[in-house]
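Below, each chain spelled out in residue letters.
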Amino acid sequence: MTLKTCAVFKSDIPSDQIDEEGFEQFGGLNLVEALSAMLVRRGYRVEPPWDGGLDGWMLNIRKDGRRYWLQVSEMDAVQRYLVCFDMSWVWLPRRARYEAFLQGLDEDLRKDGRFHEIVWLLKEQDPYELFPPASATVTP
Amino acid sequence: MTKAAIDYARNGVSNPRSVANDLKRGARQARIDLDPRATSVATTFVGEVRRNFDIGQNQGELLFDLGSLAVGGPYAKAVGRFADARAAATPAKYIGQGFSERAANYLAEPYPARGKGHHFAPKRWGLPKGFSDSEFNVLKPPGISRGDFYKLHRNVDESFHGAGLSKALRPESWSAKALGIEPYGLIGRLWYGSPGPLKARVGGMAAGVGGGAYDVEHREGRRDP
């Protein structure tokens, strides 16, 4: 069975997007900081968030010689999108560890009162297919 | 990329001053990027930290360039940067895609100079910062509009599905799915996703290897009667 490594969710954490003249920053920093705190409590070493522009905010996460990568972006005013990558070089027992990482993340998201309506997706699934944007339709 | 390069060269022939101005701007930008004294000190502590951080990042990139000097890095960078240049888009294009007039105006604006580009080798690969954030790895074509950059990013990165717009334009957002924009195939992603300076560099290295091979063959040919 293929792992679902992406998630769409809503959050009470307000958007921190900055749209000032001459300085713009996509939102998601507060979200990844909240996720980072969760992962640290689970024993992961998490590096400071990195601004990935359109791709959102990113975290480099390590534990037991394995490395994971997590990205969070604001799809629109309401929906948030999370993507995880297993960046470990060591292959075995890769799946079990990665599955534990994703399960822990899911448990923490559901336990934390600030995250709602969490839907996990396969990497190939388009989050906007589930939650279409307010405008912009396919042109003939 | 090729058309943009030809257009740029053609414009340069008819208007040499434009090329000279670009080079002058490039030199001035290099000084602003690398020398803390070239820009005025920020009014706040946070602003000053940010200004010095940016300069530090640019100096890291310079170290990568210096390391690659022997194989033509800075030359490829200068040539490739011009080759990536794009024509400006108009709001009408985005209105035609279904955006509101305000959103269309926003999408037709030039993609911000400080905006993050597309990383050819993704950031998650954990490559050294000097390369990862350099113009050899970051694609951000000069003159590209916001909307066209979103599209380009989708074309060359399968994992990018869309993004929000300015907060003032919410709830509108940009979705590749809604616009029918698909990623290119592997070859297209490699070609269009690689920054001009990297292509110029790789092309230069290939020409160097080819030229060297030709030279060896030519000399050997001369030895043989």
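Report follows, based on the coordinates. Remember, predicted model here, so these are calculated numbers, not experimental data.

## Looking at the overall build of chain A
Reasoning step 1: When helices and strands are tallied, chain A shows 3 helices and 9 strands.
Reasoning step 2: Going from the N terminus to the C terminus, chain A shows its helices and strands as β-β-β-α-β-β-β-β-β-α-β-α.
Reasoning step 3: The C-alpha radius of gyration of chain A comes to 16 Å, within 12% of the 14 Å expected for a compact globule of 140 residues.
Reasoning step 4: Seen through its C-alpha atoms, chain A measures out along the principal axes to roughly 45 × 35 × 30 Å.
Reasoning step 5: A buried classification covers 55% of the 140 residues belonging to chain A.
Reasoning step 6: Here the contacts in chain A between residues at least 6 apart in sequence split such that 53% fall between residues at least 24 apart.
Reasoning step 7: If you sum the accessible surface of chain A, you get close to 6,900 Å²; carbon and sulfur atoms cover 54% of it.
Reasoning step 8: The average position of the 17 basic charges and that of the 23 acidic charges among the side chains of chain A differ by 12 Å.

## Focus: the pattern of salt bridges
Side chains bearing opposite charge may pair, as long as their charged atoms lie close to each other.
Residues and elements named next belong to chain A.
Reasoning step 1: Under the criterion given, the structure shown has 16 salt bridges over all chains.
Reasoning step 2: A salt bridge links Arg42 to Glu107; its shortest N-O distance comes to 3.0 Å. Within this pair, whereas Arg42 is found in the loop between helix H1 (29-41) and strand E4 (45-46), its partner Glu107 is found in helix H2 (residues 94-111), the two being separated by 65 residues in sequence.
Reasoning step 3: For Lys111, the salt bridge goes to Asp108, with nearest N and O atoms at 4.0 Å. In this pair, Lys111 and Asp108 both sit in helix H2, 3 residues apart, roughly one turn of the helix.
Reasoning step 4: Residues joined by salt bridges that share partners form a network here, namely Arg42, Glu107, Asp108 and Lys111.

## Digging into the interface of chain B and chain A
Reasoning step 1: Facing the 41 residues of chain B at the interface are 36 residues of chain A.
Reasoning step 2: Taking both sides of the interface into account, the surface hidden between chain B and chain A amounts to around 3,200 Å²; carbon and sulfur atoms contribute 56%.
Reasoning step 3: Contact with chain A buries area across many residues of chain B, yet Arg124(B), His161(B) and Arg170(B) alone supply 22% of it, more than any other trio.
Reasoning step 4: Connecting chain B to chain A are 3 salt bridges.

## Concerning the layout of surface pockets
Where empty space is left in the structure can be found by rolling a water-sized probe over the atoms.
Reasoning step 1: Here the second largest pocket is characterised by a volume of approximately 1,100 Å³.
Reasoning step 2: Secondary structure elements with two or more residues in the lining of the second largest pocket: strand E7 (66-74) and strand E8 (79-86) of chain A together with strand E1 (118-119), helix H8 (146-156), helix H9 (176-179) and helix H10 (186-193) of chain B.
Reasoning step 3: Among the residues making up the lining of the second largest pocket, the classes are represented as 17 nonpolar, 12 polar and 14 charged.

## Regarding empty space enclosed by the protein
Reasoning step 1: Per the counting criterion, the structure on display carries 3 cavities of 30 Å³ or more.
Reasoning step 2: Space inside the largest cavity adds up to approximately 70 Å³.
Reasoning step 3: Together, Leu54(A), Asp55(A), Gln71(A), Ser73(A), Tyr81(A), Val83(A), Ser159(B), Phe160(B), His161(B) and Gly162(B) line the largest cavity.
Reasoning step 4: Of all the elements in the fold, those that place two or more residues in the lining of the largest cavity are E7 and E8 of chain A.
Reasoning step 5: Residues of the lining of the largest cavity, tallied by class, amount to 4 nonpolar, 5 polar and 1 charged.
Reasoning step 6: Taken as a whole, the second largest cavity spans an internal volume of roughly 50 Å³.
Reasoning step 7: At the level of secondary structure, the elements contributing two or more residues to the lining of the second largest cavity comprise E7 of chain A together with strand E3 (162-164) of chain B.

## Some details on the environment of Leu39(A)
Residue and element names in this part refer to chain A.
Reasoning step 1: As for its placement among the helices and strands, Leu39 is situated in helix H1.
Reasoning step 2: For Leu39, a relative accessible area of 1% gives the class buried.
Reasoning step 3: Between the C-alpha atom of Leu39 and that of Arg62, which follows or precedes it by 23 residues, the distance is 9.8 Å.
Reasoning step 4: Aside from chain neighbours lying at most four places away, what touches Leu39 is Tyr44, Val46, Ile61, Leu70, Phe101 and Leu105.

What counts and what doesn't
Residues numbered from 1 in each chain as written. Chains lettered and ligands numbered in written order. Predicted model: local features only at pLDDT ≥ 70, side-chain atom pairs only at ≥ 80, totals over all residues. Heavy atoms only, no water. Helix = DSSP H or I, 4+ residues; strand = E, 2+ residues; numbered from the N terminus. Rg over C-alpha atoms; globule rule 2.2 N^0.38 Å. Buried < 20%, exposed > 50% of the residue type's maximum accessible area, 1.4 Å probe, protein only. Contact = heavy atoms within 4.5 Å. Areas by Shrake-Rupley, 256 points an atom, 1.4 Å probe, with all protein chains shown as cover. Lys, Arg positive; Asp, Glu negative; His and termini not counted. Charge placed at Lys NZ, Arg CZ, Asp CG, Glu CD. Salt bridge = Lys/Arg side-chain N within 4 Å of Asp/Glu carboxyl O. Buried area = accessible area lost by both parts, 1.4 Å probe. 1 Å grid on protein atoms, 1.4 Å probe; cavity = no way out; pocket = protein on both sides within 12 Å on 5 of 7 lines; lining within 4 Å. Points joined across faces, edges and corners; volume = space filled by probe spheres on them. Nonpolar A, V, L, I, M, F, W, Y, C, P; charged D, E, K, R; others polar.

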